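# Structural description and commentary
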Amino acid sequence: MKYSLIFPKTKREAPAGAESLNHQLLVRGGFMDQLMSGSWTLLPLGLRVVSKINNIIREELNKTGALEMQMPLLHPRDIWDSSGRWSKKEVQEIMYQFKDIHGKEYGLSFTHEEIVMNILGKQNLSYKDLPVKLYQFSTKFRNEPRAKSGILRGREFLMKDLYSAHVSEEDMYKYYHEVKETYTKIFKRMGLESITTEASGGVFTDKNSHEFQVLSDVGEDTIYFCENNDFAVNKEIFDGAKFCHKCGGKIKSANAIEVGNIFPLGTKYSKDMKVFYIDEKGKEQPIWFASYGIGPTRVMGTLVEIYNDDKGIIWPEAVAPFMVHLVGLDLNDSSVKSEAERIYKLFQADDVEVLYDDRIDVSAGEKFADADLIGIPYRVVISKKTGDKLEIKKRNERGTRFLKFEELLKLVKI
Ligand code: ATP
Ligand code: MG
């Protein structure tokens, strides 16, 4: 991709009122645009990052046998009455609910348990059809009162939500633990060390859930964790005596960002919504149900909060919008320009994702500042001085070095 074609271009200044670092850097770099508090456009560069995040999630979930689909966001009230959640105070606080001109009531999805259950209920399921594992990437709407943390907290945001249905508690927990391990792997692949943390089930279940927390000063959660082992709990369910017992060592606490949450829901939704499966003896049995969420847009914001310096973002390779930022200098010299174009095409031919700064009327200083702000892992300079080599600088290192194209290719090809 040529940078001259990228929209929008970088901004020197952060937008007025942008309190959080992810908001400032993502807007300045041209990744995001804010429509209103908690509402964002994923601009072309931002969409590339989120697509990388989504693909990692997709690859790992597919390995567990889960199937991708897509559900509607506008839900009729009666589906939500069938689980009893429509009228719950905690639900009404976050769910956008309204009437159409005929007086019929609808809600905008803040989660999809009811919809998945409704689909399952139409299939005449027998024990042979279970387990079922379904997921989607889609928008969630939540009337968030504190939408101030940039893209970490949207009122309209992207979620990957997975739902699993099982014949027994044992089978449900078996898959639940598999997904728990998978989540840790997913976050690691993106460059995030997540702490698996026991937490409440919120508006989803009376049982405890597991959150995936990433330590960060800007995190809105506080977690307690052990020095000696990997036991951790969210402050909201922290019980000093119990925790000390399980921990047997020094207890630490820190702020953290919740990037994922998994819920062993049990048979409540099945019983409330009267959705059953038929067992081997032909008898109706309740379905064991669980749900699992990750917020890809919140993950992008978390990555920015963790990977940055005073010049801009430093994307981990696995989620970077491009692998190479090819900076062409002295492009009014026709031989440099044609060499730069040649190198650009070579990268493309080798399937290396490259952003080529082909602008002629922009100074070297500005181009370097833009490269640092955008945060692509490898900056590759071609100029009058580089001769038959290229000047390479990694975004997370200080020094530069000179390599031939073939040598560089070995570094940047994953
Ligand atoms: P929080 O406690 O931060 O409000 P939550 O516990 O209500 O989040 P869940 O219902 O567990 O959120 O949603 C699953 C995942 O979706 C979260 O772990 C997070 O990654 C993401 N997510 C939740 N709310 C938001 C939001 N307002 N903006 C962006 N991502 C969100
Ligand atoms: Mg949660």
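As recorded in an unreviewed UniProt entry, the protein chain goes by the name Proline--tRNA ligase. What the UniProt record of the protein chain gives under Catalytic activity (unreviewed entry) is the line "tRNA(Pro) + L-proline + ATP = L-prolyl-tRNA(Pro) + AMP + diphosphate".

Next up on the list: the domain arrangement of the protein chain. Structurally, the protein chain comprises domain 1 (11-309) and domain 2 (324-412). Averaged C-alpha coordinates put domain 1 and domain 2 at centres separated by 39 Å. Counting from both sides, the interface comprises 10 residues of domain 1 and, opposite them, 7 residues of domain 2. Of the roughly 660 Å² buried between domain 1 and domain 2 on both sides combined, carbon and sulfur atoms contribute 48%. The interface formed by domain 1 and domain 2 includes 4 salt bridges. Among the ionic pairs, E353 bridges to K52, the shortest N-O distance being 2.6 Å. Where domain 1 meets domain 2, there are 4 residue pairs in polar contact (both at pLDDT 80 or more). Taken together, the elements giving at least two residues each to the side of domain 1 that touches domain 2 come down to α1 (21-28) and α2 (44-63). Per-element accounting of the side of domain 1 that touches domain 2 gives the leading share, 3 residues, to α2. Its residues placed into classes, the side of domain 1 that touches domain 2 shows 3 nonpolar, 1 polar and 6 charged.

A separate point is the environment of R28. Position of R28 relative to the elements: it lies in helix α1. Once the C-alpha coordinates of R28 and Y3 are considered, the two residues, 25 residues apart in sequence, prove to be 15 Å apart. Look past the residues within four positions of R28 in its chain and what remains in contact with it is T10, K11, R12, E13, A14 and L373.

Here the focus is the site of ligand 1. Around ligand 1 sit 15 residues in total, of which E144, R153, G154, E258 and V259 are the nearest. R142 places a side-chain nitrogen or oxygen 2.9 Å from an oxygen atom of ligand 1. Take G260: an N or O atom from its main chain is 3.3 Å from an oxygen atom of ligand 1. Burial of ligand 1 by the protein amounts to 88% of the accessible area it has alone, namely 580 Å². At a threshold of 2 Å from the grid points, most atoms of ligand 1 map onto the largest pocket. For the shell around ligand 1, the elements supplying multiple residues, two or more each, are β8 (156-166) and β13 (251-266). Ranked by the residues each element gives to the shell around ligand 1, the list is headed by β13, at 5 residues.

What follows covers the layout of surface pockets. A probe as big as a water molecule, rolled over the atoms, marks out the empty space that is left. One number sums up the size of the largest pocket: a volume of about 1,100 Å³. Around the largest pocket, the lining comprises 46 residues; the ones closest to its centre are R142, E144, R153, E258 and R298. Among the elements of the structure, α4 (89-94), β8, β11 (221-226), β13, β16 (288-294) and α9 (296-306) are those that each provide at least two residues to the lining of the largest pocket. Here the lining of the largest pocket takes 7 residues from β13, the largest share from any one element. Across the lining of the largest pocket, the residue classes tally to 16 nonpolar, 16 polar and 14 charged. K52, E317, A318, A320, F322, M323, D351, V352, E353, V412, K413 and I414 together form the lining of the second largest pocket. Residues belonging to the lining of the second largest pocket are distributed by class as follows: 7 nonpolar, no polar and 5 charged.

This part is about the state of the cysteines. Scanning the model with the defined rule gives 1 disulfide in all. This cysteine, C244, is not joined by any disulfide, and C247 carries the nearest cysteine sulfur, 7.2 Å off.

Let us look at the coordination of the magnesium ion (ligand 2). For the magnesium ion (ligand 2), the full set of protein donor atoms is E258 (OE) and N261 (OD1), and the range of their distances to it is 2.2 to 2.4 Å. Look at N261 and you get buried, because its relative accessible area is 10%.

Rules of the game
Residues numbered from 1 in each chain as written. Chains lettered and ligands numbered in written order. Predicted model: local features only at pLDDT ≥ 70, side-chain atom pairs only at ≥ 80, totals over all residues. Heavy atoms only, no water. UniProt positions renumbered as here; feature names shortened; annotations may be inferred. Domains from an automatic or database assignment. Contact = heavy atoms within 4.5 Å. Buried area = accessible area lost by both parts, 1.4 Å probe. Salt bridge = Lys/Arg side-chain N within 4 Å of Asp/Glu carboxyl O. Polar contact = N/O pair within 3.5 Å; in protein donor to acceptor, adjacent residues only side chain to side chain. Helix = DSSP H or I, 4+ residues; strand = E, 2+ residues; numbered from the N terminus. Nonpolar A, V, L, I, M, F, W, Y, C, P; charged D, E, K, R; others polar. Near = heavy atom within 4 Å. Areas by Shrake-Rupley, 256 points an atom, 1.4 Å probe, with all protein chains shown as cover. 1 Å grid on protein atoms, 1.4 Å probe; cavity = no way out; pocket = protein on both sides within 12 Å on 5 of 7 lines; lining within 4 Å. Sits in = over half its atoms within 2 Å of the grid points. Points joined across faces, edges and corners; volume = space filled by probe spheres on them. Disulfide = S-S within 2.5 Å. Donors = N, O, S within 2.8 Å, 3.2 Å for Na, K, Ca; no water. Buried < 20%, exposed > 50% of the residue type's maximum accessible area, 1.4 Å probe, protein only.

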